[in-house]
Amino acid sequence: MCDSCKKKFYITTPIYYPSDKLHIGHTYCTVATDAMARYKRLRGYDVMFLTGTDEHGQKIETRAKSAGITPQQFVDNIVTGEKGVLDLWKLMNISYDRFIRTTDDYHVAAVQKIFKKMYDKGDIYKGKYTGMYCTPCESFWTESQLKDGKCPDCGRDCQPAEEEAYFFKLSKYAQPVRDLLTNTDFLEPKSRVHEMVNNFIDAGLEDLCVSRTSFTWGVPVDFDPGHVVYVWVDALFNYTTALGFMNDKYDDYKDWWPADVHFVGKEIVRFHSIIWPAMLMSMEMPLPKKVYGHGWLLLDGGKMSKSKGNVVDPQVLADRYGVDALRFFLLRSFPFGSDGNFSNELLISCINTDLANDLGNLVSRTVAMVQKYFGGTLPLAQLEDAEKDAELTTMASELHARYETQMESYAFQNALGEIFSVISRANKYIDENAPWVLAKDENNRPRLARVMYNLLETVRICAGLLQPFMPATSEEIMRRIGAERTDWDSLCVYGGLKADTTVVAGNALFPRIDAAKELEELEKLNAKPAEPEADPLPEPLPPICFDDFCKVEMTVVKVLTCENVKKSEKLLKFTLDDGSGTPRQILSGIAKYYKPEELIGKTLVAVTNLPPRKMMGQESCGMILSAERGEKLQVVMLDDSVPAGARLV
Ligand code: MSP
């Protein structure tokens, strides 16, 4: 079928805040979206899978400032830098079709136009904002929305905020959004509808503050300098600007919009099921067909960000167990619509049980027996049906339909459950038919061939349906069993494998993990100290004029002697060659950071026109320059070739 005749499917993940390192919880949604995109491709759809990064907002501005770099440098490091977001998605085999960064020029320009359009329509107006702001969530809350005085999403403190701001008339859209949620399947799972309607809409939907003036890292409101667009307005429209809405970068908005489904985590369902449709209504744009709010991976019932003794870095986990094992674990172990408790123990046990024992064993035993009893190639003529095979063959031949039902309702865990019940049945079939007994009698060869064929064909169907979850493993299994067709139609028909197929052996697909030993190793890994966070930058000083700067005499000095000052924990006493021929004595409060012997002979810089002062009864004629950031203090050292007495200019 040509691409333009194919049915289309547009699916998105939330675009990530590149403010922290991504953990396994973030990976969850993208892996699920990837599985769905691959499933739809397998079903013959023309798929658009969009992901990206949400790079504006106060949190990023603050983090960049403490790291001493610009916000753009900060996000570039996390998105495109080594082991950044792009590297992670490559590693996890995420088959996205388009990646948007909200700092991309075309997106910024489009958001400005969108904002202006809603303003011109009267749906955005200027007012005054007073309320509570949660910086980490970039969310405004009214007093009544706070939970025990804290942010209802993350439970952290909120700060009172008041400023001139633009507002979006969310209240105007309360009724149509309510109708959308209650009368259609727009939001799933259904359990989330009640929460949105009761807690937010029926509690009174207030107009939404959609601009800020207290920071600058955002899309500027082009008709009112000083205001930047609220990060959620900027972020949500990514789903359309990435298709070319109000920009020339792409031109397939008409082909793809409205999205078939937005996959989002439960804490951002509010933005996607209330604010997003309201803004689209304002823009008179079609609404997405569905928002699916998935659950969270928790650690000991709590948030994942505090790693609490478990290794949650997806790169580390994928390196240790393989990408496919990790992808599989995420979708096999937790029901997509609800929360689940993550632990390294659960991950290891899932790999050992499902992948090593059940799937891995079935493939290796089957291939090994075809090799042992038939030299690797099943004989065509000897195939024979038997009634007692019906249970397995019916299960396998009907698997695609049960799997489809589950996949179409985003029930990944159940879809995998269907596959694994067939895998278990096949392992039992081996034991029931005991090929090693059949092999003892030449007369049983037709029967033995049939048993082996049924096993290979069951493996083919299961591996084919595993493609969306474990693409590389599925391909490898198909190679080992000599399967040529892996398309959907071939997976719906039992008997698709050629009867004289040739198999090839290989290493264990999923080696068994020694759980106790592995958990010990992980514990050691976790004990490694976390990378220290950059200390905050000091407050900037008021400007000075050049003449003031020229008044400071900064002289290059060589350390002749250096010793601790008795009874002082802080002070070091220096005798310095300042080029004048007379040694100069300076006391400096750096004893916490340096041993005297480390500094003798070094070339330093001193301020030499300060009035002498007494410290611990000793005279200090000047000050040694040091660099200070947070707790750390380092003496400014120069190359030894710079002569004593040289002036810093
Ligand atoms: N930038 C917004 C999304 C804007 S979409 C227009 C955002 N970013 S995020 O990086 O904070 O989160 C991205 C996704 O990761 C969210 O869907 C969030 O629910 C999900 N997860 C973050 N921690 C998670 C778990 N522990 N478990 C499952 N998903 C979690 O929100």
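Everything below is about the structure shown above.
As a convention, each chain's residues are numbered from 1 in the sequence order in which they are written. Only residues with pLDDT of at least 70 get local features here, since the model is predicted, and only at 80 or more are side-chain atom pairs given and counted; chain-wide, interface and lining totals rely on the full set of residues. No hydrogens and no water enter the side-chain calculation; it runs on all heavy atoms of the structure.

Moving on to the site of the ligand. Nearness here has a simple test: a residue counts as near a molecule or strand if at least one of its heavy atoms is within 4 Å of that partner. Neighbouring the ligand are 23 residues; I15, D54, G265, E267 and L297 lie closest to it. Each polar contact in these results corresponds to two N or O atoms within 3.5 Å; when the atoms are within protein, one needs to be able to donate a hydrogen and the other to accept it, and residues that are neighboring in sequence are counted only if both atoms are side-chain atoms. Within the contact set of the ligand, a nitrogen atom lies 2.9 Å away from a backbone nitrogen or oxygen of L297. Areas reported as accessible are Shrake-Rupley estimates using a 1.4 Å probe. Residue values count occlusion only from the protein chains shown. Notes on the ligand: free accessible area 650 Å², of which the protein chains cover 94%. Here a strand is any run of E in DSSP of at least two residues, a helix any run of H or I of at least four, and the numbering for each starts at the N terminus. Secondary structure elements with two or more residues in the shell around the ligand: α1 (24–42), α8 (231–236) and α9 (238–241). Note that Gly is not counted as nonpolar here; it falls among the polar residues with everything else outside the nonpolar set of Ala, Val, Leu, Ile, Met, Phe, Trp, Tyr, Cys and Pro and the charged set of Asp, Glu, Lys and Arg. Tallied by class, the residues present in the shell around the ligand amount to 13 nonpolar, eight polar and two charged.

Each aromatic ring pair is specified by the distance between its two centres and by the angle formed by the two planes. Put simply, two rings from Phe, Tyr or Trp (the six-membered ring, in Trp's case) pair if the centres are within 6.5 Å, and we call them stacked under 30 degrees between planes, edge-to-face over 60, tilted for the rest. For the structure shown, the criterion picks out 34 aromatic pairs. Taken together, a centroid distance of 5.0 Å and an interplanar angle of 85° make the contact between F237 and W276 edge-to-face. Residue F237 is located in the loop between α8 and α9, and its partner W276 is located in helix α11 (residues 269–282); the two are separated by 39 residues in the primary sequence. Neither F237 nor W276 differs from the other in exposure class; each is buried. For the pair F245 and Y253, a centre-to-centre distance of 4.9 Å together with 40° between the ring planes defines the contact as tilted. Linked through ring pairs, Y28, F263, Y292, F329, F334, F336, F342, Y410, F412 and F469 together constitute an aromatic cluster. Criterion for a charge above a ring: Arg CZ or Lys NZ at most 6 Å from the ring centre, at most 35 degrees from the ring normal. Lying across the ring of F271, R270 places its NZ or CZ 4.6 Å from the centre. Under the scheme applied here, a residue whose accessible area is under 20% of the maximum for its type counts as buried, over 50% as exposed, and between as partly exposed, the area being computed with a 1.4 Å probe on protein chains only.

Taking strand neighbours across the sheet as the criterion, the six strands line up as β3-β2-β1-β11-β12-β7 in an open arrangement whose pairing is parallel. In this open sheet, the two edge strands, each paired with only one partner strand, are β3 (98–101) and β7 (187–188). The criterion for strand pairing is that DSSP finds at least two bridges linking the strands in question. As judged from the two bridges shared by strand β1 (residues 8–12) and strand β11 (residues 261–265), these two strands associate in the parallel manner. Across the sheet, I11 pairs through a bridge with V261, a residue of β11. This element, α1, spans β1, β2 (46–53), β11 and β12 (291–294) of the sheet and lies at about 165° to β2. The contact criterion used throughout is that any non-hydrogen atoms of two residues lie within 4.5 Å. Each axis is a line fitted through C-alpha atoms, and for a helix only the stretch in contact is used; angles between axes span 0 to 180 degrees, taken between their N-to-C directions.

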